[in-house]
Amino acid sequence: MTPENPDRSRLDSFGSRAQLKVGERTFLIHRIDATGADVRRLPYTIRVLLENLLRHEDGVDVTGDDVSALAHWSPTGRQDREVAFHPARILLQDFTGVPVLVDLAAMRDAVEQLGGDPARVNPQVPAELVIDHSIQVDYFATPDAFERNAELEYRRNAERYAFLRWGQQAFDNMVVVPPDTGICHQVNLEYLARVVFVDRDGNAYPDTLVGTDSHTPMVNGLGVLGWGVGGIEAEAAMLGQPIPLLTPAVVGVRLTGALAPEATATDLVLTITEFLRRHGVVGKFVEFFGPGVASLPLETRATIGNMSPEYGSTVTIFPIDEETLRYLRFTGRSEEQVALVEAYAKEQGLWHEPDGDQPDYTETLELDLTTVEPCIAGPARPQDRIPLKSAKERVRAALGEVAARAEGAGVAVRTTGATDGRGADSSPPDGGVAAEERPSRPTQVTLDDGTEVTLDHGHVVIAAITSCTNTSNPQVMVAAGLLAKAAVERGLTRKPWVKTSLAPGSQVVIDYLEAAGLMPYLEKLGFSLVGYGCTTCIGNSGPLPGPISEAVRGSGLAVAAVLSGNRNFEGRINPDVRMNFLASPPLVVAYAIAGTTDIDLYTEPLGVDSNGTPVMLRDIWPSPHSVDETVRTSLRSEMFRRRYAGAMEGDERWRSLPVPGGNRYDWSEDSTYVRRPPFFDGIEPTPKPPGDIVGARALVVVGDSVTTDHISPAGSIPKDGPAGRWLIEHGVDPSEFNSFGARRGNHEVMMRGTFANLRLRNRLAPGTEGGWTVHLPDGELMTVWEAAERYREEKVPLIVLGGKEYGSGSSRDWAAKGTALLGVRAVLAESFERIHRSNLVGMGVLPLELPKGETVDSLGLDGRETYSILGLEGASAESFPQMLRVVAEGTDGRRVEFDVNVRVDTPSEVRYFLHGGILPYVARRLAGL
């Protein structure tokens, strides 16, 4: 390749370089208006992307034509041109960060093997890794729960943490935030985000990022453009490769009015999730504007941005305004930084005024904030909003189907009224009308302390204040504390079967709850601090108490979790829990007291006080004034300054970890946590040209809305599964298995857990749940891993058949890595989620879209056919096919032929695929090939 600009020096075709003086300092900037664009009419995100192209114009990745095309972005124009986006920094969490560093360490070995300099494998942009995903709720409802959970965390993860410390010293531009500091998104919001970035040469530009967690858009609330990508894309970006994306469609949402007193930020975000998912914003950029924006605190804006993956948008951004500056000052940013943010935003047309010019949007929607009402969402998808006033009716309707699956065969149904929380019937004794029927299977349980309770369908067994979604928001956290205080003062307690936990995203949360005097009341109801990090929301809820778990499994009970998180997919929260509901922190407390989801919180009491008087939720619900006043008097700016002053130092456990030396990692074949991955095995200087896929078999056939939670290994590791058996064979006791997330640096464990979610339903193995399939043509039932291994021995390529929204959910790199390592060459689906589709390409797996309007069923396929995918032979970067021919041949001789769309969407993705994936592509490039 001989590019126009071989040294890739920066060009300035538009004469955009200029100076910006702020106080005593002068910064270099690239003026957006130098492109000739009517900046006022461009959406905010397009302005940021335009500056990014201007600053990275090199005639190769970014040309003058690319800049001009984006400068003349039109809401009605074709959105098919690639934008080469160079983020200012990369955000990692430890579940995804460990495999990123594992791959980079292995890439150093590969580059040397190819004759290059391994030192070139080094982050070219700042990479900030926050260890937040490894804390698990083993201990709860005790004053020492945090310390005991932290001790277990270090014991389980010492090898991983030592590896991360090695990475921090072995790679330049790498920062690791130690465990027990907070959730990466909240730490990003409160500490890491700059809003306006300044590099070592004095260039000032918008702070942009990509993160290896799909909830990266939380920082969009600060006006920072960033979104979630797979670890595969993040690795390439760290090494200086641009993130390719097609010019985005931008949806503007005009906000009017203000939230009603009874509505919380959580209610707002669940409403927006339903609203935007129903409208359809998958893969689009969303921007908020209008007079209602000014009424939303920064923390509420961040809550909305956080949920972007739940309604499918790439980003959900609020432009920079006065509220942005207030938040930056309050969270401890310097006055110099705040002044720079204000000056730069106003100079570049990035400042938002409520009555300012409305940009031109692809679509414009409107939301009246006064219409938002209290609600929850579930039982299995965050977009399934349920108004709180109809929650009992809607939960009962869902419970019938879920309970039937849980019981396995038949449902014991009886007529019940509201329960007293112990399963006893509390129907009105005076002849009143009982509630409609619901499934019921009362099960007597003796808890470890001797307490006897009755557990039933619909009971709440987990109540967790957790996740970055809400713990960044003082209003809802204080509301939970005030509700707990009022409940305790009325003599209410949590039900004894409920596992309660408080896992804030920042240490500051506990500071202001303690300053307000609210922690003792939360602790009285069982909401003791269990850790600072992602817990229940990512499946780190820990095991249920033994007697509860045994009763749930033995009686086939459909029990529930209520959490203040963002994800509630099947099998995600806890393997024993089939129904998961998202709710605001104060509602989490209320449901812990009620102990059941089978309750109307408007008309039925949570319990009775010491005088026997019924206590309604409205009796203890805090007023907006009391919440605001408590936040005002208890949350102080110095709390952020103090907590983050030593954020990088960690505690004694962190500082005392043994750190391996050297710039090349010394792999251990005995390690069960960190192993050299096979992605570079046999790498040659020149990639092999692709060929047709002939004689393939379907490994898995699934329906609509299969998420990466169904595909990617997550949560606890079953001892009787392929991954558990491998660990036992390698000397690991089941008590030390840890989670799949913690084992992400070990491909042997991860590929054995791919397509093994407890709630996965593979149509090739009807009547089963979990990682089961059949080997063809003999039809023998076996695990997905065992079948993949047998097909590998037989040299049979594999495919996956799916429905709509295949791969929705978290941006899990292992959903694609595991798929590739199982031998899957292509995925045929009706439609794909953005990140997973891109990740599949990044691992050399073809995403193929079925013809519009066609499904596996309409094509007459059952997955037992032999498949050939034709048209790849001879494909090149210059002539890569947009459609391929699929020939499916059944055992009865029936033959089905159809064309599929090739979802390799950008020129960069074509290059990645032709190299066998993004990792070998980057390795060859760094080796100078």
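Definitions and cut-offs
- Residues numbered from 1 in each chain as written.
- Predicted model: local features only at pLDDT ≥ 70, side-chain atom pairs only at ≥ 80, totals over all residues.
- Heavy atoms only, no water.
- Pairing = 2+ DSSP bridges.
- Helix = DSSP H or I, 4+ residues; strand = E, 2+ residues; numbered from the N terminus.
- Axes fitted to C-alpha atoms, helices over the stretch in contact; angles between N-to-C directions.
- Contact = heavy atoms within 4.5 Å.
- pLDDT = per-residue confidence, 0-100.
- Salt bridge = Lys/Arg side-chain N within 4 Å of Asp/Glu carboxyl O.
- Buried < 20%, exposed > 50% of the residue type's maximum accessible area, 1.4 Å probe, protein only.
- Polar contact = N/O pair within 3.5 Å; in protein donor to acceptor, adjacent residues only side chain to side chain.
- Disulfide = S-S within 2.5 Å.
- Phe/Tyr/Trp six-rings, centres within 6.5 Å; stacked < 30°, edge-to-face > 60°.
- Lys NZ or Arg CZ within 6 Å of the ring centre and 35° of its normal.

Engineer: Residues and numbers for the sheet that holds strand β28 (residues 693–701), please.
Structural biologist: As summarised here, the arrangement of the seven strands in space is β28-β31-β32-β33-β36-β35-β34, forming a closed barrel in which the pairing is mixed. Averaged over all adjacent pairs, the angle separating strand axes in this sheet is 35 degrees, with direction ignored. Those strands touched by helix α26 (residues 784–793) are β28 and β31 (798–801), and its axis lies near 170 degrees from that of β28.

Engineer: Describe the sheet that holds strand β4 (residues 89–93), naming the residues involved and giving the relevant values.
Structural biologist: Here five strands make up an open sheet; going across it, the order is β6-β5-β4-β9-β10 and the pairing parallel. Of all the strands in the sheet, just β6 (174–177) and β10 (225–228) have a single pairing partner and so form its edges. Adjacent strand axes in the sheet meet at a mean angle of 20 degrees, parallel and antiparallel pairs treated alike. With four bridges joining them, strand β9 (residues 208–211) and β10 adopt parallel strand pairing. Paired with Val-210 across the bridge in β10 is Trp-227. Contacts between helix α3 (residues 94–113) and the sheet are confined to β4, β5 (127–130) and β6, with β4 contributing the most and set at about 115 degrees to the helix.

Engineer: Break down the confidence of the model for the chain for me, citing the residues and quoting the values.
Structural biologist: Per-residue confidence for the chain averages 92 on the pLDDT scale, and 96% of its residues sit at or above 70. Overall, residues 1–7 carries pLDDT values under 50, and its contacts beyond four positions in sequence, including any with other chains, amount to six contacts.

Engineer: Which residues make up the pattern of salt bridges, and what values do they have?
Structural biologist: The tally for this structure, following the rule as stated, stands at 72 salt bridges. Between Arg-725 and Glu-786 there is a salt bridge, and its shortest N-O distance comes to 3.7 Å. Of this pair, Arg-725 sits in helix α24 (residues 722–729) while Glu-786 sits in helix α26, placing them 61 residues apart in sequence. According to the relative accessible area criterion, Arg-725 is partly exposed, its value standing at 33%. Within this structure, Glu-401, Arg-405, Arg-578, Arg-759, Arg-761 and Glu-769 form a network of salt bridges that share partners.

Engineer: Quick rundown of the side chain of Arg-277? Include the residues and the values.
Structural biologist: On the secondary structure map, Arg-277 appears in helix α7 (residues 265–279). A distance of 3.0 Å separates the side chain of Arg-277 from the backbone oxygen of Glu-310, its partner in a polar contact. Not counting residues within four places of it along the chain, the set of residues in contact with Arg-277 comprises Ile-272, Val-282, Pro-309, Glu-310, Tyr-311, Gly-312, Gln-383 and Glu-805.

Engineer: So, helix α5 (residues 184–192): which residues are in play, and what are the values?
Structural biologist: Residues three or four positions apart in an α-helix share a direction because the helix packs 3.6 residues into each turn. Counting buried positions along α5 yields eight of nine residues, so the element is predominantly enclosed. Three or more residues of α5 are buried, namely Cys-184, His-185, Gln-186, Val-187, Asn-188, Leu-189, Glu-190 and Leu-192.

Engineer: Describe in detail the state of the cysteines, supporting the description with residues and values.
Structural biologist: Formally, a disulfide is one covalent bond, and it connects the sulfur atom of one cysteine to the sulfur atom of another. Taken as a whole and judged by the stated rule, the model has zero disulfides. No disulfide involves Cys-468; its sulfur sits 5.3 Å from that of Cys-534, the nearest cysteine.

Engineer: Residue-level account of the packing of aromatic side chains, with values.
Structural biologist: Considering all chains together, one arrives at 19 aromatic pairs under this definition. Between Tyr-191 and Tyr-644, the aromatic rings sit 4.8 Å apart at their centres with planes inclined by 5 degrees, giving stacked as the arrangement. Of this pair, Tyr-191 sits in helix α5 while Tyr-644 is found in helix α21 (residues 637–645), placing the two residues 453 residues apart along the sequence. Judged by centre distance (5.6 Å) and plane angle (20 degrees), the rings of Phe-197 and Tyr-205 are stacked. Each member of the pair, Phe-197 as well as Tyr-205, is classed as buried. Grouping aromatic residues by their ring pairs yields a cluster made of Phe-163, Trp-166, Phe-171, Tyr-665 and Trp-667. Over the face of the ring belonging to Trp-351 we find Lys-346, whose NZ or CZ atom lies 4.7 Å from the ring centre.

Engineer: Residue-level account of the side chain of Thr-596, with values.
Structural biologist: Mapped onto the elements of the fold, Thr-596 is located in the loop between α18 (585–594) and β26 (607–608). We classify Thr-596 as buried; its relative accessible area is 2%.

Engineer: Describe the pairing of strand β20 (residues 443–446), naming the residues involved and giving the relevant values.
Structural biologist: Only one face of β20 is buried, namely the one carrying Thr-443 and Val-445, since none of Gln-444 and Thr-446 on the opposite face is buried. Alignment of β20 against strand β21 (residues 452–455), held across four bridges, turns out to be antiparallel. What sits directly across from Val-445, in β21, is Val-453. Hairpin geometry of β20 and β21 is characterised by an intervening segment of five residues between the two adjacent antiparallel strands and by a positive phi of about 95 degrees at Gly-450.

Engineer: So, unusual backbone geometry: which residues are in play, and what are the values?
Structural biologist: Omega for the bond connecting Gly-378 with Pro-379 falls within 30 degrees of zero, at 10 degrees, which places this linkage in the cis form. A cis amide bond links Leu-776 to the next residue, Pro-777, at an omega of 15 degrees. Here Pro-777 is to be found in the loop between β29 (772–775) and β30 (780–783). In the Ramachandran plot, Asn-173 falls in the positive-phi region, its phi being about 65 degrees despite a non-glycine side chain. Positionally, Asn-173 belongs in the loop between α4 (145–170) and β6. A positive phi angle, near 85 degrees, is found at Ser-467, a position not held by glycine. By the secondary structure assignment, Ser-467 is in the loop between β22 (460–465) and α13 (468–471).

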